[in-house]
Amino acid sequence: MLGLHTQQSTHNIKSRSMHIRAGIEVLACLFTVTGLTIDAQAEPAQVYVPLVAAIHVHSTASTGTLSLDALATRAEQLGIDAVLLTENLSLRYEYGLYPLESFMRVSRSFPSLMEYGVNRYLNDVAEAQARHPRVILIPGLEVAPYYYWSGSLWSRDLTMHDAQKNLLVFGLTSAEQIETLPAAGNITSYSYGPQTLSLFLPMLLAAPVLWAWRAKSDAVGHAHSSIARKKRIAGFGLVTIAGALTLNAWPIGEPPFNPYDTTLRYTPYQAFIDNVTRSGGSTLWSMTEARDFQTVELGPLGTATIATDPHPEALMLTSGYAAFGGLYQEGRHITQPNHIWDQLIKLYTRGQRKDRPAMVGEIAFHSPAHAGKELDQVLTIVWVRERNQVGILDAIRQGRAYAVERYKKEFRLTLDDFHADAGDGSRRVGPGEALSTPRNSPITLHVSVSTTDNQGHPVTVRLIKSGEVMAHTTGVTPLRYDVLDPHGSSGTGETYRLEVSGAQTGELLTNPIYLEPHGQGAAG
């Protein structure tokens, strides 16, 4: 049984980074908690520890304004047990003029690990961890594997797409694994092939210099000498141009994915996820329904657009990721009943997808000065076997977690209990766990919700079974709610998940409880 008793904490911040402001500048220049147990079926009780985690946090190693020490200190003050860091791997953007994109181009870089240094980052996290043992610091990344351009300056419809279509990465332990990730702007992942030789074509302009140098200034009188001198001057000019074009083509190499190819769709993202998985890491889709849209005036060249459209279909069109951001401070629909999340859950329980579609909350924190937000404004509470990085990432992947967003500074919702049992109490499980039970046998669900200020606040509770709202109630916290499902499992992989919300109270989402008929074994 998941007896969820989370320690109270104060809460304050989340912010969606707009580092694609980089794209605009490129164009403009161009031009604690108590313990809990889970009694899993007839097995001996397993002891799980609830940890309060802030996921998606930036420090001064990339686009954040707080140092690792300042983040750890603030987390301690707010009762946050774990901070999952997500430093930008690369924020390097470039645009080239067709048909000479490799030579006639501008590029801009912004603070990221490519400038800070990956080894330095990993060492800094380890040292900060030693200074702040009460907070688990997990080094991670935020990566946009691919962006692309459409239109052109000449047609005045130039658009930069998907520079904010981000993935979060955790669990990579070496600098080499990180530095070779196939991602936009990560020059250490560039490859070399026949096309690379074309980047040296401007050096052919130096050939006339050799011809000009052969002319002897005193060979045939003053007139001939004057001609030779002009040839040399022209030759040196060509050498200068050739050198400038070659230098502008730096770095020499081919990026993993062509930023002028508009047909790749999700190929770069799946390749990236697969790369992380092979290296033993975990990938999370970040805020797939967030929108980024900006325009920049380029004078007589018209208006350029920087756009990342909502992309919830990414969850269906890619596989192998560990979880996705389902609760954050922007408009969301995929967690609504029978939407994409529930569709993914059904595919998983029916054996049509290998990976469990787990959900987390994302804070996207960069600075306490951003809109007056705070580090604990969106949290994920995970139930772990081990109080370390391995335990936290396992809990996320298995879905032993719930996410909560607070609307007011003074308090947030807390889930004191959410479990299912077979009626006699002998078998009980919570989010991320499976209950094996005979088909069509009754299941009882138990819910207990309160707030961290121990006051009464209005809430609506909805129990969602396999994508459909099975039961709902409204009340005032602290609220207990028990529901009997007389039919239980029909053998098709039913699930139960919980949604709690209040207009002034906040929002809380749990991962599903899984039902399995006898003989199939526990999920996950």
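Given the structure is predicted, the values throughout are model-derived calculations rather than measurements.

**Some thoughts on the overall build of the protein**
In step 1: A tally of helices and strands in the protein yields 12 helices and 28 strands.
In step 2: The burial tally for the protein puts 57% of its 524 residues in the buried class.
In step 3: Of the roughly 21,200 Å² of accessible surface on the protein, 55% is carried by carbon and sulfur atoms.

**Observations regarding the layout of surface pockets**
In step 1: By volume, the second largest pocket amounts to about 250 Å³.
In step 2: Tyr148, Asp162, Lys165, Arg265 and Glu313 are, among the 16 residues lining the second largest pocket, the residues nearest its centre.
In step 3: Here the lining of the second largest pocket is composed, by residue class, of 7 nonpolar, 4 polar and 5 charged.

**Quick notes on the packing of aromatic side chains**
In step 1: By the definition in use, this model includes 11 aromatic pairs.
In step 2: Here the aromatic rings of tyrosine 93 and tyrosine 147 are separated by 5.5 Å at their centres, their planes lie at 55 degrees, and the arrangement is tilted. Here the residue tyrosine 93 occupies a position in strand E5 (residues 92–96), and tyrosine 147 occupies one in the loop between strand E8 (140–143) and strand E9 (148–150), the gap between them amounting to 54 residues.
In step 3: By relative accessible area, tyrosine 147 is classed as buried at 7%.
In step 4: On the numbers, 5.5 Å between centres and 50 degrees between planes, the contact of tyrosine 266 with tyrosine 269 is tilted. When sorted by exposure, tyrosine 266 lands in the same class as tyrosine 269, which is buried.
In step 5: Members of the aromatic cluster, joined through ring pairs, are Tyr146, Tyr148, Phe257, Tyr266, Tyr269 and Trp285.
In step 6: The ring of tyrosine 116 has arginine 120 lying over it, and the distance from NZ or CZ to the ring centre is 3.8 Å.

**Comments concerning the nonpolar core**
In step 1: Counting 90 residues, the largest nonpolar core has Val57, Ile80, Trp285 and Phe418 as its most contacted members.
In step 2: Core analysis: the next-biggest nonpolar cluster, separate from the first, contains 21 residues, Ala82, Leu168, Ala395 and Ile396 among them.

**Observations regarding the sheet that holds strand E22 (residues 443–451)**
In step 1: Pairing within the open sheet is antiparallel, and its 4 strands lie in the order E20-E19-E22-E25. Of all the strands in the sheet, just strand E20 (428–429) and strand E25 (479–485) have a single pairing partner and so form its edges.
In step 2: Strand direction decides the pairing type here: strand E19 (residues 413–421) and E20, joined by 2 bridges, are antiparallel. Note on E20: the bridge partner recorded for aspartate 421 is arginine 428.

**Points about the confidence of the model for the protein**
In step 1: Averaged over all residues, the pLDDT of the protein equals 83, while 75% of them reach at least 70.
In step 2: Counted against residues more than four places away or in other chains, residues 1–44, with its pLDDT under 50, gives 188 contacts.
In step 3: Per-residue pLDDT stays below 50 along residues 216–220; that stretch engages in 3 contacts with residues further than four places along the chain or on separate chains.

**Comments concerning helix H2 (residues 68–78)**
In step 1: Those residues of H2 not exposed but buried are Leu68, Leu71, Ala72, Ala75 and Leu78. The buried residues of H2 all sit within an arc of 130 degrees when viewed along its axis, so they share a single face.
In step 2: Remark: glycine 79 follows H2 within two positions and exhibits a positive phi of approximately 75 degrees.

**Some remarks on the sheet that holds strand E10 (residues 159–161)**
In step 1: Here 4 strands make up an open sheet; going across it, the order is E9-E10-E14-E13 and the pairing mixed. Two strands bound the open sheet, and with one partner strand each, they are E9 and strand E13 (292–297). Sheet twist, expressed as the mean angle between neighbouring strand axes with direction ignored, is 20 degrees.

**Considerations on the pattern of salt bridges**
In step 1: Applying the stated rule across the entire model yields 16 salt bridges.
In step 2: Glutamate 405 serves as the salt-bridge partner of arginine 332, at 3.8 Å between the closest nitrogen and oxygen. Pair noted here: arginine 332 is in the loop between strand E15 (323–327) and helix H11 (340–349) and glutamate 405 is in strand E18 (residues 401–406), with a separation of 73 residues, a long-range link. Each member of the pair arginine 332 and glutamate 405 is classed as buried.
In step 3: Linking glutamate 499 and arginine 462 is a salt bridge whose minimum nitrogen-to-oxygen distance equals 2.8 Å. With glutamate 499 in strand E26 (residues 495–502) and arginine 462 in strand E23 (residues 458–465), the pair connects residues that are 37 residues apart, well separated along the chain.
In step 4: Assessed through its relative accessible area of 9%, glutamate 499 is described here as buried.
In step 5: Residues joined in a network through salt bridges with shared partners are Arg332, Glu405 and Glu507.

Here is what the cut-offs are and how they apply
Residues numbered from 1 in each chain as written. Predicted model: local features only at pLDDT ≥ 70, side-chain atom pairs only at ≥ 80, totals over all residues. Heavy atoms only, no water. Helix = DSSP H or I, 4+ residues; strand = E, 2+ residues; numbered from the N terminus. Buried < 20%, exposed > 50% of the residue type's maximum accessible area, 1.4 Å probe, protein only. Areas by Shrake-Rupley, 256 points an atom, 1.4 Å probe, with all protein chains shown as cover. 1 Å grid on protein atoms, 1.4 Å probe; cavity = no way out; pocket = protein on both sides within 12 Å on 5 of 7 lines; lining within 4 Å. Points joined across faces, edges and corners; volume = space filled by probe spheres on them. Nonpolar A, V, L, I, M, F, W, Y, C, P; charged D, E, K, R; others polar. Phe/Tyr/Trp six-rings, centres within 6.5 Å; stacked < 30°, edge-to-face > 60°. Lys NZ or Arg CZ within 6 Å of the ring centre and 35° of its normal. Core = buried A, V, L, I, M, F, W, Y, C linked by side-chain atoms within 4.5 Å. Pairing = 2+ DSSP bridges. pLDDT = per-residue confidence, 0-100. Contact = heavy atoms within 4.5 Å. Arc of directions from axis to C-beta. Axes fitted to C-alpha atoms, helices over the stretch in contact; angles between N-to-C directions. Salt bridge = Lys/Arg side-chain N within 4 Å of Asp/Glu carboxyl O.

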